[in-house]
Amino acid sequence: MTEKNFKRTLITAALPYANGGVHIGHLAGVYVPADIYARYLRLKKRDVLFICGTDEHGVPVTIRARKEGCTTQEVVDRYYKLIRDSFEGFGISFDFFGRTTSEEHCKTASDFFRTLYDKHELIEQESEQYYDEEAKTFLADRYIMGECPHCHAEGAYGDQCEKCGTALSPTELINPHSTISGSKPVLRKTKHWYLPLDKHQPWLEKWITEEHKEWRSNVMGQCKSWFDMGLKPRAVSRDLEWGIPVPVEGAEGKVLYVWFDAPIGYISNTKELLPDTWQEWWQSPDTRLVHFIGKDNIVFHCIVFPAMLKAEGSCILPDNVPANEFLNLEDDKISTSRNWAVWLHEYLEDLPGKQDVLRYVLTANAPETKDNNFTWKDFQARNNNELVAVYGNFVNRALQLTKKYYNGVVPAAGNLTEYDEQTIREFTDVKAQVERLLEDFRFRDAQKEAMNLARIGNKYLADSEPWKVIKTDPERVKTVINLSLQLVANLAIAFEPFLPFSSARLRQMLNVDELAWDKLGQTDLLPTGHQLGEPALLFEKIEDSVVVLDQILPVRVVMRGMEAVTVVLVLQIGDGAVWKNRLTVDSLGAGQIQRDGVGGCEHADVRDNGHVVFRVAVAVRRDVADDIDAVAGTTVQHGLGVFRNLAVEEPDTGLESRMDGVLGTDRDAAAAADAVVLIDPALFVFDLRAVVRADLRAGAAADAQVCFDIRLAVGVHGHLARTRAAAHADVLERAAEARFLMALEVRQ
């Protein structure tokens, strides 16, 4: 590849959808690496622009508005503020964070479409689409539900079955109905405009596979897969009320498809920030355009958006698209519909001042080459064993020794020993190493290299033992402390792109306003006689009670058949039961076997593969006094299961209502609901050991005794144990006090 010389770098981060908050999967995949890169380039004194904003069109926001009984604009306004404030609190350093509902964006996207239309870069096609005759509107895929043709589950959407995960088209559904009116839709012809991607495939294929061989293998592989299948025309308009109107006569009731208008938001946001000079960022070949995205956006940013830009004719194409894979949570796929996620706004509220801990852990586990996993135990371990024990420990020892021996004044270094010079050699080349890795978008390895500075410092102090040598050779100690302080100052520089909050605190302790990146690796950052600030702990140890409390509750039962297992769980704080179902079970002891039937529970299916599918009775409260039953279903596979699809049944009427909107994703909705879910449906995590999976199989010996070794994880964070309604915050004031009671009934 020929070396490219750019005068400026334009960084874009995928536009988060204004239908919910930002979670750790988004952060690890897009926003943390993009922010590291932007901060690094600024430290290098390069001309850089970091652009993002909310994606506020499309069907999901209209569905949420309909469910919440408010306008779509109110929905996107609320989530724009939530997302913007979350990013600011987390230190994501956008130069501009805009919106696709802004006046500038609507004009820019409309003009972009019109340019393609006038240049005959779009084609018109007729297709059949479902139409709701009662509501008098064409239906988007998510406004159509029916029976899945694959697993036959009811409630499958027109684009996907949430139960089996199969991608669908609306016409595949059995007995489809409109979610707006409930009526059966009919197929009607409608006209739309398409971007002929097949026309662009020859140059796209050459541009990617021959001119950008440096792109990540996952990006290249996905692009090649699309090319092998053959690109097809893609609709750029749809029948919908919410969106940017198609600027063509006779296109009433049609708007730009959200995938088409969203990436144009990068351009419109730049125009809002720099109305007079935006062209040099989008139209000059001296600008390097870099898109940070997750793997689900590869096709749009590597194939579709470049085709749009090429067809428009005046804009540059991306030079690199360092897409990441996905991040899982506790070995399970992050799911917003199941509320199986760690939400940024909640993390900032629950763990104030620990932004850098999460930034560090997400970077250390960055899914750069394959899907990776986040666990709260690893979060705790990396904080305690690396940030506290390595980085923080070295900084604290160096500063405290300086305060103790020299009243916080940097001592003069004397003659260097061979070991001093060896230590200096080890850290003077760190600048080149970190820069090389950051330029290659290898953020995980770059952060690891920065942490090696702290390891070098800890080893140097431990080997030099200034606390002992001070008694026999005080001049030698001055050299050791001086060199240690220079290492501390280097750490403040090296970690600046990764841990900006900690670097700022460290500079305050060093009593310096700025430490330039080009000084990284030098040993004269702090002059002799410089007065340091007051030392303090850079990081704090995270105790078990803060993250996860594990309890092992062994339960022994006698298996007399393979037909059914009924499980009842009761959450208890102190001596009083937090909730109960129709039959009071608040006196149940941990590990006891409940022989009587318990209301609200259904039998489980024990499948041939050993997986247990069961229903569990949990309870929610209306106000404080009224108990109602909630039934949450889960599938336990390979020892792990979480609750989903919560439904609430009122004891008096037997009426069932879905509670999807108040499962912890929206505090406001929960507070306003008639029935508030007290316990998060993602509360219970089961670790059914291998012996259970082996013995719960068809054909197992009758009367075989099986030990259920069930691990219940309870935690304040990680969404393993959490109350979402502010009105009930006192109930789980201290999650560490919570314990579970369990009953198992085995039926023949």
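In this report, the structure presented in the accompanying data block is examined. (Residues numbered from 1 in each chain as written. Predicted model: local features only at pLDDT ≥ 70, side-chain atom pairs only at ≥ 80, totals over all residues. Heavy atoms only, no water.)

Quick look at the overall build of the chain now. Per the secondary structure count, the chain includes 21 helices and 25 strands. Put simply, the chain has 748 residues, and 55% of those count as buried. Long-range contacts, defined as pairs at least 24 residues apart, comprise 74% of the intrachain contacts of the chain with a sequence gap of at least 6. Carbon and sulfur atoms provide 46% of the accessible area of the chain, an area that totals close to 31,700 Å². (Helix = DSSP H or I, 4+ residues; strand = E, 2+ residues; numbered from the N terminus. Buried < 20%, exposed > 50% of the residue type's maximum accessible area, 1.4 Å probe, protein only. Contact = heavy atoms within 4.5 Å. Areas by Shrake-Rupley, 256 points an atom, 1.4 Å probe, with all protein chains shown as cover.)

Buried within helix 14 (residues 430-439) are the following residues: Val 430, Val 434, Glu 435, Leu 437 and Leu 438. One face of helix 14 carries all of its buried residues, which in axial projection span an arc of 165°. Its buried side turned inward, helix 14 meets helix 1 (24-43), helix 13 (418-428) and helix 15 (443-464). Backbone geometry just after helix 14 places Phe 441 at a positive phi near 60°. (Arc of directions from axis to C-beta.)

To continue, consider the sheet that holds strand 1 (residues 8-13). In spatial order, the strands read 3-2-1-13; together these four strands make up an open sheet with parallel pairing. Each end of this open sheet is capped by a strand with a single partner; those strands are strand 3 (96-99) and strand 13 (287-292). Each strand axis lies, on average, 25° off the axis of its neighbour in the sheet, ignoring direction. Across five bridges, the pairing between strand 1 and strand 2 (residues 47-54) is parallel. Bridge pairing links Thr 12 to Ile 51 in strand 2. (Pairing = 2+ DSSP bridges. Axes fitted to C-alpha atoms, helices over the stretch in contact; angles between N-to-C directions.)

Here the focus is the sheet that holds strand 8 (residues 174-178). Here we have three strands laid out as an open sheet, ordered 7-6-8, and antiparallel in their pairing. With one partner strand each, in any of the chains shown, strand 7 (156-157) and strand 8 form the two edges of the open sheet. Pairing of strand 6 (residues 144-147) with strand 8, which is carried by three bridges, proceeds in the antiparallel orientation. Residue pairing for strand 8: Ile 144 is matched across the bridge by Ser 178.

Moving on: unusual backbone geometry. Its identity is not glycine, yet His 152 carries a phi of approximately 65°, on the positive side. Within the fold, His 152 resides in the loop between strand 6 and strand 7. On the basis of relative accessible area, His 152 is assigned to the partly exposed category, the value being 47%. Residue Phe 441 is not a glycine yet carries a positive backbone phi of 60°. Relative to the helices and strands, Phe 441 is located in the loop between helix 14 and helix 15.

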